[in-house]
Amino acid sequence: AQSVAQPEDQVNVAEGNPLTVKCTYSVSGNPYLFWYVQYPNRGLQFLLKYITGDNLVKGSYGFEAEFNKSQTSFHLKKPSALVSDSALYFCAVRGGTSISSGSARQLTFGSGTQLTVVP
Amino acid sequence: DTEVTQTPKHLVMGMTNKKSLKCEQHMGHRAMYWYKQKAKKPPELMFVYSYEKLSINESVPSRFSPECPNSSLLNLHLHALQPEDSALYLCASSRTAAWGLAGVGETQYFGPGTRLLVL
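The structure reproduced in this document is the subject of the present report. Here the structure is a predicted model, which is why all the values come from computation and not from measurement. (Residues numbered from 1 in each chain as written. Chains lettered and ligands numbered in written order. Predicted model: local features only at pLDDT ≥ 70, side-chain atom pairs only at ≥ 80, totals over all residues. Heavy atoms only, no water.)

**A closer look at the interface of chain A and chain B**
Part 1 of the reasoning: With 27 residues of chain A at the contact, the number on the chain B side is 28 residues.
Part 2 of the reasoning: Three residues stand out in chain A for area buried against chain B, namely A:Arg94, A:Arg105 and A:Gln106, and they jointly supply 25% of the buried area on that side.
Part 3 of the reasoning: Viewed at the interface, chain B and chain A are joined by 0 salt bridges.
Part 4 of the reasoning: Counting the contacts that link chain A with chain B gives 8 residue pairs in polar contact (both at pLDDT 80 or more).
Part 5 of the reasoning: Secondary structure elements with two or more residues in the side of chain A that touches chain B: strand 5 (30-38), strand 6 (44-50) and strand 10 (87-96) of chain A.
Part 6 of the reasoning: No other element matches strand 10 of chain A, which puts 5 residues into the side of chain A that touches chain B.
Part 7 of the reasoning: Within the side of chain A that touches chain B, the residues separate by chemical class into 10 nonpolar, 13 polar and 4 charged. (Contact = heavy atoms within 4.5 Å. Buried area = accessible area lost by both parts, 1.4 Å probe. Salt bridge = Lys/Arg side-chain N within 4 Å of Asp/Glu carboxyl O. Polar contact = N/O pair within 3.5 Å; in protein donor to acceptor, adjacent residues only side chain to side chain. Helix = DSSP H or I, 4+ residues; strand = E, 2+ residues; numbered from the N terminus. Nonpolar A, V, L, I, M, F, W, Y, C, P; charged D, E, K, R; others polar.)

The following block contains the structure:
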């Protein structure tokens, strides 16, 4: 079974400082990894994904994520945080083995990390 | 354009009411999804439609009845709901469902959700 862990429920960072939101995963086969952001009372907004290739993935709004196969991690980063980045962030994974089918091939979400950027 | 629209934005209903949620996308996506999300929790998959056919029902109670009239529309019919069904209901779509390896990296795009309150 595939799983995602976001070890921090809450991350606080000062505006202008770099931010990191952590994500580790467990899947069979190749991992397909996604980050979504959710602002209050809104749906999930896609930020970026890792499929294959370069381990550093660049996404929307200046966010990037680094895929680390040996550490099974896909941490979300931004060099300089903005107050407007304050939101709930979800990491999600889907495993890429040909054996999986149906429900097993759907996205598995982490528990979410609330990011607060303080002015 | 990666827009998924949902109506209504808010819905209050009694336990004996019948109501429907509507979702629409014009991206030519052939997979559509319903998720349920409780506050500060990750989305939980309810249903998956692939090419207008119900492909996955994650053991959802029959008081929730999905319908996919065409490739752009997805409805969720509600009847005799319980207060614990109060949640944010999210619709999502992707180019294809993740059955084959070609689809496993597909991005799901989410709508803004319908906030449902059952009294």
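Okay, back to it.
**Notes on the layout of surface pockets**
Part 1 of the reasoning: Volume-wise, the second largest pocket comes out at about 250 Å³.
Part 2 of the reasoning: Together, 15 residues line the second largest pocket, and A:Gln38, A:Pro40, A:Asn41, A:Leu88 and B:Lys40 are the ones closest to its centre.
Part 3 of the reasoning: Partitioning the lining of the second largest pocket into residue classes produces 6 nonpolar, 5 polar and 4 charged. (1 Å grid on protein atoms, 1.4 Å probe; cavity = no way out; pocket = protein on both sides within 12 Å on 5 of 7 lines; lining within 4 Å. Points joined across faces, edges and corners; volume = space filled by probe spheres on them.)

**Some details on the pairing of strand 11 (residues 114-118) of chain B**
All names here are of chain B.
Part 1 of the reasoning: Where burial is concerned, the two faces of strand 11 differ: the one with Thr114, Leu116 and Val118 is buried and the one with Arg115 and Leu117 is not.
Part 2 of the reasoning: Direction of pairing for strand 2 (residues 10-13) relative to strand 11: parallel, over a ladder of 4 bridges. Bridge pairing in strand 11 places Leu11 opposite Leu116.
Part 3 of the reasoning: Relative to strand 11, strand 9 (residues 87-94) runs antiparallel, the two being bridged by 3 bridges. Looking across to strand 11, one finds that Tyr89 is bridged to Thr114. (Buried < 20%, exposed > 50% of the residue type's maximum accessible area, 1.4 Å probe, protein only. Pairing = 2+ DSSP bridges.)

**Notes on the state of the cysteines**
Part 1 of the reasoning: With the rule as written, the count across this model stands at 2 disulfides over all chains.
Part 2 of the reasoning: Put simply, A:Cys23 and A:Cys91 are joined by a disulfide, and their sulfur atoms are 2.0 Å apart. Note on the A:Cys23 and A:Cys91 pair: the S-S dihedral is about -60°, so by sign convention the disulfide is left-handed. Of this pair, A:Cys23 sits in the loop between strand 3 (19-21) and strand 4 (24-26) while A:Cys91 sits in strand 10; the two residues are 68 residues apart in sequence, bridging distant segments of the chain.
Part 3 of the reasoning: We classify A:Cys23 as buried; its relative accessible area is 0%.
Part 4 of the reasoning: Across a sulfur-sulfur distance of 1.9 Å, B:Cys23 and B:Cys91 are joined as a disulfide pair. Here B:Cys23 and B:Cys91 share a disulfide; its torsion about the S-S bond, -70°, makes the bridge left-handed. Here the residue B:Cys23 occupies a position in strand 3 (residues 18-25), and B:Cys91 occupies one in strand 9, the gap between them amounting to 68 residues.
Part 5 of the reasoning: Judged by its relative accessible area of 0%, B:Cys23 falls in the buried class.
Part 6 of the reasoning: No disulfide involves B:Cys68; its nearest neighbouring cysteine sulfur is the one of B:Cys23, lying 9.1 Å away. (Disulfide = S-S within 2.5 Å.)

**Regarding the environment of A:Ser86**
Residue and element names in this part refer to chain A.
Part 1 of the reasoning: You can see Ser86 is positioned in the loop between strand 9 (73-78) and strand 10.
Part 2 of the reasoning: C-alpha of Ser86 to C-alpha of Val4: the two residues are 82 residues apart in sequence and 22 Å apart in space.
Part 3 of the reasoning: A polar contact is formed between the side chain of Ser86 and the backbone oxygen of Val83, at a distance of 2.9 Å.

**Topic: the pattern of salt bridges**
Residues and elements named next belong to chain A.
Part 1 of the reasoning: A complete count under the given rule lists 6 salt bridges over all chains for this structure.
Part 2 of the reasoning: The residue Lys58 makes a salt bridge to Glu64 at a minimum N-O spacing of 2.9 Å.
Part 3 of the reasoning: Residue Lys58 is classed as exposed on the basis of its relative accessible area of 63%.
Part 4 of the reasoning: By relative accessible area, which is 19% here, Glu64 ends up buried.
Part 5 of the reasoning: Between Asp85 and Lys78 there is a salt bridge, with its nearest N and O atoms 2.8 Å apart. Take Asp85 and Lys78: they sit in the same class, and that class is buried.

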